[in-house]
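Summary of the model geometry
Chain by chain, the residues run as shown.
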Amino acid sequence: MRQSLTVLVPCKNERKNIQPCLESVRDLADELLVADSGSTDDTLVIARRVAPCRIIQREYVNSADFKNWAIPQASHPWVLILDADERVPETLANEITQILEDPPADLDAYSCGFQDHFMGHRLRYSSWNSRSIRLIRRDVCRYQTRRVHADIAIDRQRVGKLKTKMLHYSVWDYNSFIVKYARYTSWASEDMWEKGRRTSFMGLAVRPMLRLLHLYFIRGGFRDGLAGLQVCVFFSFLSTYMKQAKLWQREFGIPQPDPEQEQAPPIILPYSKAAETPAVEGYRRAA
């Protein structure tokens, strides 16, 4: 008997993404669960219009914390976690359906690869995502405690692999790309700092260059043309370098002085008429 599936979509202000995202799983899901963290645009209006869905809301702390809150609220034993900028192609939906017909007892989760796009251009070689666990048993799987890029904490022997890649449309413009990774690198540097990691000349100068060489030449990012060049450069700087730089800032950065806080308040002595009188009289005598 086929196991029922909840598709969980965490989101916030995803007006342009939510419709194609939900449409890609409308026929696959037995329940659409939209976990919103405070959308102020038409995301939820569109979600209700596209398909019957259940909406839950809570403040966002970080991705792992938010998803760990949402997963137990799924109505069905299997959960597919789908970000709003991702799409499930028909071949992947069919593959998931076949698994749910008779899930293996020795597997509690499945990972999938991603077909990344950069500003609408498909990336074949400079793709930044490898694999991530997305199909899980609701009562078994939770995310590890990390601020960013957390994965499901589970014995890898109990993780299967989906053959079909999920479509990923992460980047549509530079501004949102930079803002997103400014946030990610801040969180990543906090995790690294708490683990005792510190930066060095190697981390600041050499590691980003090695990442660029690896992405562009070894992985073949040059074969994606100018789109691939930009992705490789941006990830070498926005990800690798900025994490190291923010570690340096935590250890050696000198906070900018705040003149408003450092200005000493004026000394106000208690008023005394007896102390004032001689000075006034002396002035009068001199006059």
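Structure report, in brief.

Criteria and thresholds
Think of each chain on its own: its residues are numbered from 1, step by step along the sequence as written. The predicted origin of the model limits local features to residues at a pLDDT of at least 70 and limits the giving and counting of side-chain atom pairs to 80 or more, whereas totals for whole chains, interfaces and linings rest on all residues. Side-chain descriptors were evaluated using all non-hydrogen atoms of the structure, hydrogens and water having been removed beforehand. Working definition: helices are DSSP H or I runs of at least four residues, strands are E runs of at least two. Numbering for both runs from the N terminus. Atoms considered for the radius of gyration are the C-alpha atoms alone. The globule rule reads 2.2 Å times the number of residues to the power 0.38. Positive charges come from Lys and Arg alone, negative charges from Asp and Glu alone, with His and the N- and C-terminal ends not counted. We put the charge of a Lys on NZ, of an Arg on CZ, of an Asp on CG and of a Glu on CD. Patch membership needs two things, relative accessible area over 30% and no salt bridge, and members are linked within 9 Å if like-charged or within 5 Å if nonpolar (Val, Leu, Ile, Met, Phe, Trp, Tyr). To measure how exposed things are, a 1.4 Å probe is used in the Shrake-Rupley method; for residues, cover is taken only from the protein chains shown. Here, a salt bridge means any Lys or Arg side-chain nitrogen found within 4 Å of an Asp or Glu carboxyl oxygen. Throughout this description, buried means an accessible area under 20% of the type-specific maximum (1.4 Å probe, protein chains only), exposed means over 50%, and partly exposed covers the range between. Expected helix span is computed as 1.5 Å times (number of residues minus one). This arc describes the spread of directions from the helix axis toward the C-beta atoms. Fitted lines through C-alpha atoms serve as axes, helices being fitted only where they are in contact, and the angles separating the N-to-C directions of these axes extend from 0 to 180 degrees. Roughly parallel means an angle under 35 degrees; roughly antiparallel, over 145; roughly perpendicular, 65 to 115; everything else is oblique. Crossing handedness: left-handed means the near helix sits turned counterclockwise from the far one by under a right angle, and right-handed means the same turn made clockwise. Every residue pair with non-hydrogen atoms within 4.5 Å of one another is taken to be in contact. Only Asp, Glu, Lys and Arg are considered charged, only Ala, Val, Leu, Ile, Met, Phe, Trp, Tyr, Cys and Pro nonpolar, and every remaining residue, Gly among them, polar. Residues adjacent in sequence count toward polar contacts only when both atoms are side-chain atoms; beyond that, a polar contact is any pair of N or O atoms within 3.5 Å, and within protein one must be able to donate a hydrogen and the other to accept it.

Structural notes on the overall build of the chain
If you tally the helices and strands in the chain, you get nine helices and 10 strands. Whereas a compact globule of 287 residues would reach a radius of gyration of roughly 19 Å, the chain reaches 28 Å, over 25% beyond that. Taking the principal axes of its C-alpha atoms as reference, the chain extends roughly 110 × 45 × 35 Å. On the chain, the mean spot of the 40 positive side-chain charges and the mean spot of the 34 negative ones are 4 Å from each other.

Points about a positive patch on the surface
A grouping of Arg122, Arg124, Arg131, Lys161 and Lys165 is seen on the molecular surface, where their side chains present a positively charged patch. Examined against the element boundaries, lysine 165 turns out to sit in the loop between strand E9 (159–161) and strand E10 (166–171). Relative accessible area serves as the criterion here: at 46%, lysine 165 is assigned to the partly exposed category.

Here's the deal with helix H4 (residues 90–101)
With 12 residues, H4 extends 17 Å between its outermost C-alpha atoms, agreeing within 8% with the 16 Å of an ideal straight helix rising 1.5 Å per residue. Considered for burial, the residues of H4 that qualify are Leu92, Ala93, Glu95, Ile96, Ile99 and Leu100. The buried residues of H4 all sit within an arc of 160 degrees when viewed along its axis, so they share a single face. Of the exposed residues in H4, the ones pointing more than 90 degrees away from its buried face are Glu90 and Gln98.

What to know about the packing of helix H6 (residues 201–218) against helix H7 (residues 225–252)
In contact at an axis separation of 9 Å, H6 and H7 are set at 155 degrees when each is read in the N-to-C sense. By the angle between their directions, the pair H6 and H7 is classed as roughly antiparallel. Of the two possible hands of crossing, H6 and H7 adopt the one that is right-handed. Counted together, Gly203, Leu204, Arg207, Pro208, Arg211, Leu212, Leu215 and Tyr216 of H6 and Leu229, Cys232, Val233, Phe235, Ser236, Ser239, Thr240, Tyr241, Gln244, Ala245 and Trp248 of H7 form the full contact between these two elements. Classifying every residue of the contact of H6 with H7 by side-chain character gives 12 nonpolar, five polar and two charged.

Re the side chain of lysine 180
Tracing the backbone through its elements, the reader meets lysine 180 in helix H5 (residues 174–194). Summary of buried charges: lysine 180 has no salt-bridge partner, and the nearest side chain of opposite charge, aspartate 85, is 4.1 Å away. A polar side-chain atom of lysine 180 sits 3.2 Å from a polar atom in the side chain of serine 170. Residue contacts for lysine 180: discarding those within four places in its chain leaves Asp85 and Ser170.

Looking at the environment of proline 52
Assignment of secondary structure puts proline 52 in the loop between helix H2 (43–50) and strand E3 (54–57). As a C-alpha pair, proline 52 and leucine 32 span 20 residues in sequence and 7.2 Å in three-dimensional space.

Comments concerning the packing of H5 against H7
Put simply, H5 and H7 touch, their axes get as near as 9 Å, and they point 40 degrees apart. Compared by their axis directions, H5 and H7 come out oblique. Once H5 is placed against H7, the crossing between them reads as right-handed. Where H5 abuts H7, its residues Tyr174, Phe177, Ile178, Tyr181, Ala182, Thr185, Ser186, Ala188, Ser189, Glu190, Met192 and Trp193 lie against Gln230, Phe234, Phe235, Leu238, Ser239, Met242, Lys243, Gln244, Lys246, Leu247, Arg250 and Glu251.

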